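Chain by chain, the residues run as shown.
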Amino acid sequence: MGFARTCSVALVGVEGVVVEVQADLEPGIAAFTLVGLPDKSLVESRDRVRAAVVNSGADWPQKKLTVGLSPASVPKSGSGFDLAVACAVLGAAERIDPRVLADIVMIGELGLDGRVRPVPGVLPAVLAAAGAGYEQVVVPECTVGEATLVPGVSVLGVRSLRQLIAVLTDEPVPDEDPDERGRPDPMLSGLSMPGGGAGMGLGGPPHEGHSFDLADVVGQMSARTAIEVAAAGGHHVMLSGPPGAGKTMLAERLPAVLPPLTRQESLEVTAIHSVAGMLPPGTSMIDRAPYCAPHHSATMQSLVGGGPGTARPGAVSLSHRGVLFLDEAPEFSGQALDALRQPLEAGHVVIARSAGVVRLPARFLLALAANPCPCGQYRALGGECDCPPAAVRRYQSRLSGPLLDRVDLRVEVDAVTRNELAGHGPRGESTQVVADRVRAARERAAARLAETPWRTNSEVPGHALRTRWPAAPGALDEAELDLERGFLTARGLDRVLRVAWTVADLAGRDRPFAQDVALALQLRTGISRGVPMTIGVGS
């Protein structure tokens, strides 16, 4: 009787569970049994592994073969177990020393010719292996850069099963024939999964050959201030105005204003995009804020995550640490929009399915763009709105009150005037100037929150802001009066205080004063409070 074991990783959301792959050979009629809650793609690995082993020059054992995936209670899915199953079988057949395999984690899909193909989720899989104490990992050659992001782990990249067998048996490593020049590398096809959709780019909207600069936006000083405050504090923002006023332009330039991701944030974002199969080939780590702009026909599952079997990350997770932009927000279904309430508050989304419960990160900056009515000309200067009052009310009510209560900044974007378009008015600052100011504000907030689990003002609970970092005396008088009048909810008051702290950080003040709270109220309610819609040290 022959027995061997090695390890692989099962992914549950963006978290990994180390799975022991055991192979047992017994005398009897040749058969291949796979047990341990495998899904359809994993059951099919029996045929892939058999063909890969034979085409790699090894003998397939003609005995009763049982391969077990332990723990058996964890659902396993995907083709990433192929490499571990093949090596466990060869270890049981004594082609490879079983003692060599015991402490190695193997991740990769096998082609019928023995080539090792990449699979999504290599980074979270290696993170799980490192967390479990494993020090040696075998991955497809084209995903070595992704796997080496994890410190303390020795990574071996292989292009074929033949190469891995040679390495494990101390034999000369064969050279693989290179692909024909000019043809696409088929080994990279496993890094992308269909169904990702357009508009889910990294670091900004997916328009090649064009730099998105805030200086391109004509006028809109109030909206530019809202974009700067949103980026500095991680606050959600809504831009409302007639068509062609520049709402989409402003939202598209928001990711470039955000500061670069820290290493921990980069690992989180890279892991999510790796699991979703949306990590661009050749990208080892994502260091820029992601940008996701789904179409208004998107379903609730595509926004928050889900799908058949194990839940896949949705738009809220793909925009983690970045921007989720919902253009024409009232056109989204009410069910999809209201599903954003919980992740907006918690910073994560919990998806319960029959296959299990998945917790996915979802701390994103929400940017909404909306027209005031179906025709877009309601209250527009010089515009003639033909919508009946009932249609206007019905259109505006598509964004529910509880959802809007979670949006910190609500700005009216007016139509651009002729003088502004001709360049006679003041020009706005460039993205670089605003980004430098945002970065300095975030550094002030990070220094203040250094001993806490929070990093931006939008994450700090209201109770902590009121007790640990009080505002200047009398600064909250006007906001508390609005609370008594019913213009603000208790959550709204907390969010006004968070925005006031961000305004103070941008202005270089050590705490919010009355003018900072007034600007925060003005940005939230749209009602003038007698303060300019600009931020500066002297404001």
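Shown above is the structure to which this text applies.
Once a new chain begins, its residue numbering starts again from 1 and follows that chain's sequence as written. Owing to the predicted nature of the model, reporting of local features is limited to residues with pLDDT of at least 70; listing and counting of side-chain atom pairs is limited to 80 or more, with chain, interface and lining totals taken over all residues. Only hydrogens and water are removed before side-chain values are computed, so all heavy atoms of the structure are retained for them.

Undergrad: How would you sum up the overall build of the protein chain? Please name residues and give values.
TA: A tally of regular secondary structure across the protein chain gives 23 helices and 16 strands. Using a 1.4 Å probe on the protein chains alone, a residue whose accessible area is under 20% of its type maximum counts as buried, one over 50% counts as exposed, and one in between counts as partly exposed. Counting all 539 residues of the protein chain, 52% fall into the buried class. Runs of E in the DSSP output that reach at least two residues are strands. Runs of H or I that reach at least four are helices, and both are numbered from the N terminus.

Undergrad: If you had to explain the sheet that holds strand 11 (residues 291-292) to someone new, which residues and values would you point to?
TA: When DSSP locates at least two bridges between a pair of strands, those strands are taken to pair. With parallel pairing, five strands are arranged side by side in an open sheet as 11-12-15-10-16. One side of each edge strand has no neighbouring strand; the edge strands of this open sheet are strand 11 and strand 16 (409-412). Most of the contacts of helix 8 (residues 221-233) go to strand 16, to which it runs at about 165°, and overall it touches strand 10 (237-240), strand 15 (365-370) and strand 16. Only heavy atoms matter for contacts: two residues are in contact if any of them lie within 4.5 Å across the pair. Here the axes come from fitting lines to C-alpha atoms, over the contacting stretch only for helices, and the angles between their N-to-C directions go from 0 to 180 degrees.

Undergrad: Can you lay out the packing of helix 21 (residues 477-485) against helix 23 (residues 514-525) for me, pointing to particular residues and giving the numbers?
TA: The N-to-C vectors of helix 21 and helix 23 enclose an angle of 40°; their axes lie 8 Å apart at closest approach. Classified by the interaxial angle, the pair formed by helix 21 and helix 23 is oblique. Facing helix 21, whose interface residues are Glu478, Ala479 and Asp482, helix 23 presents Val517, Ala518 and Leu521. A per-class count over the contact of helix 21 with helix 23 returns four nonpolar, no polar and two charged. In what follows, roughly perpendicular refers to angles from 65 to 115 degrees, roughly parallel to angles under 35, roughly antiparallel to angles over 145, and oblique to any angle outside these ranges. Amino acids are sorted into nonpolar (Ala, Val, Leu, Ile, Met, Phe, Trp, Tyr, Cys and Pro), charged (Asp, Glu, Lys and Arg) and polar (every other residue, Gly among them).

Undergrad: Let's hear about unusual backbone geometry: which residues, and what values?
TA: Excluding glycine, most residues fall at negative phi; most peptide bonds, likewise, are trans. In this structure, Pro71 follows Ser70 across a cis peptide bond, with omega equal to 5°. Along the polypeptide, Pro71 turns up in the loop between strand 4 (64-70) and helix 3 (82-92). The phi dihedral of Leu37 falls on the positive side, at around 60°, and the residue is not glycine. The residue Leu37 is located in the loop between strand 3 (31-35) and helix 1 (40-43) in this model. Although it is not a glycine, Arg321 adopts a positive phi angle of roughly 65°.

Undergrad: Give a detailed account of helix 3, specifying residues and quantitative values.
TA: Burial of helix 3 is extensive: 11 of the 11 residues sit out of reach of the surface. Within the span of helix 3, buried status applies to Asp82, Leu83, Ala84, Val85, Ala86, Cys87, Ala88, Val89, Leu90, Gly91 and Ala92.

Undergrad: Can you explain helix 2 (residues 45-55)? Please cite residues and give values.
TA: Taken as a whole, helix 2 has its buried residues at Ser45, Arg48, Val49, Ala52 and Val53. Relative to the axis of helix 2, the buried residues are bounded by an arc of 125° and lie together on one face. In this structure, the buried residues of helix 2 make contact with strand 3, helix 1, helix 3, strand 6 (109-110) and helix 7 (161-168). Two residues or fewer after helix 2 comes Gly57, characterised by a positive phi angle close to 90°. This arc is built from the directions going out from the helix axis to the C-beta atoms.

Undergrad: Could you give an account of the packing of helix 3 against helix 7, with specific residues and numbers?
TA: For the pair helix 3 and helix 7, interaxial distance at closest approach is 12 Å and the crossing angle is 45°. Classified by the angle their axes make, helix 3 and helix 7 are oblique. When you trace helix 3 past helix 7, the crossing you get is right-handed. Taken together, the residues of helix 7 that come into contact with helix 3 (itself represented by Leu83, Ala86, Cys87 and Leu90) are Leu161, Leu164, Ile165 and Leu168. Taken together, the residues of the contact of helix 3 with helix 7 break down into eight nonpolar, no polar and no charged. Left-handed describes a crossing in which the near helix is turned anticlockwise from the far one by less than a right angle; the clockwise case is right-handed.

Undergrad: How would you summarise the pairing of strand 10 if you had to cite specific residues and measurements?
TA: Burial of strand 10 is two-sided: the residues Val237 and Leu239 facing one way and the residues Met238 and Ser240 facing the other way are all buried. With four bridges connecting them, strand 10 and strand 15 associate as parallel partners. The partner of Ser240 across the bridge, within strand 15, is Ala370. The pairing of strand 10 with strand 16 spans four bridges and is classified as parallel. Along strand 16, the bridge assignment pairs Met238 with Arg410.

Undergrad: Which residues make up the nonpolar core, and what values do they have?
TA: If you look at the biggest cluster of nonpolar residues, it comprises 60 residues, and the most contacted ones within it are Val229, Val237, Leu409, Trp469, Val517 and Leu523. With nine residues, helix 22 (residues 490-507) is the single largest residue contributor to this core. Leave out the neighbours within four places in its chain, and Val517 touches Ala475, Leu476, Ala479, Val496 and Ala500. Trp60, Ala86, Leu90 and Ile96 belong to the second largest nonpolar core, which has 39 residues in total. Among the buried residues, those of types Ala, Val, Leu, Ile, Met, Phe, Trp, Tyr and Cys that are joined through side-chain atoms within 4.5 Å form a nonpolar core.

Undergrad: So what about the pattern of salt bridges? Which residues, and what values?
TA: Only one rule defines a salt bridge in this text: a Lys or Arg side-chain nitrogen within 4 Å of an Asp or Glu carboxyl oxygen. In this structure the tally under the stated criterion is 27 salt bridges. Of the charged contacts in the structure, one is a salt bridge between Arg529 and Glu478, with a shortest N-O distance of 3.1 Å. A residue pair is termed long-range when its members are at least 10 positions apart, and Arg529 in the segment after helix 23 and Glu478 in helix 21 qualify at 51 residues. Overall, the relative accessible area of 34% leaves Glu478 in the partly exposed class. A salt bridge links Asp482 to Arg529; the nearest nitrogen and oxygen atoms lie 2.8 Å apart. Highlighted residues: Asp482 in helix 21 and Arg529 in the segment after helix 23, separated in sequence by 47 residues. Asp482 sits in the buried class, given a relative accessible area of 2%. Residue Arg529 is classed as buried on the basis of its relative accessible area of 17%.

Undergrad: So, the environment of Arg410: which residues are in play, and what are the values?
TA: Relative to the helices and strands, Arg410 is located in strand 16. Accessibility expressed as a relative area gives 29% for Arg410, which makes it partly exposed. The spacing of Arg410 and Arg524 is 114 residues in sequence and 5.1 Å in space, taken between C-alpha atoms. Setting aside residues no more than four positions away along its own chain, Arg410 makes contact with Met238, Leu404, Asp405, Leu523, Arg524 and Gly526. Pairs of N or O atoms within 3.5 Å make up the polar contacts considered here, provided that, within protein, one atom can donate a hydrogen while the other can accept it, and that residues adjacent in sequence are counted only when both atoms are side-chain atoms. Within polar-contact distance, the side chain of Arg410 engages the backbone oxygen of Leu404 at 2.6 Å.

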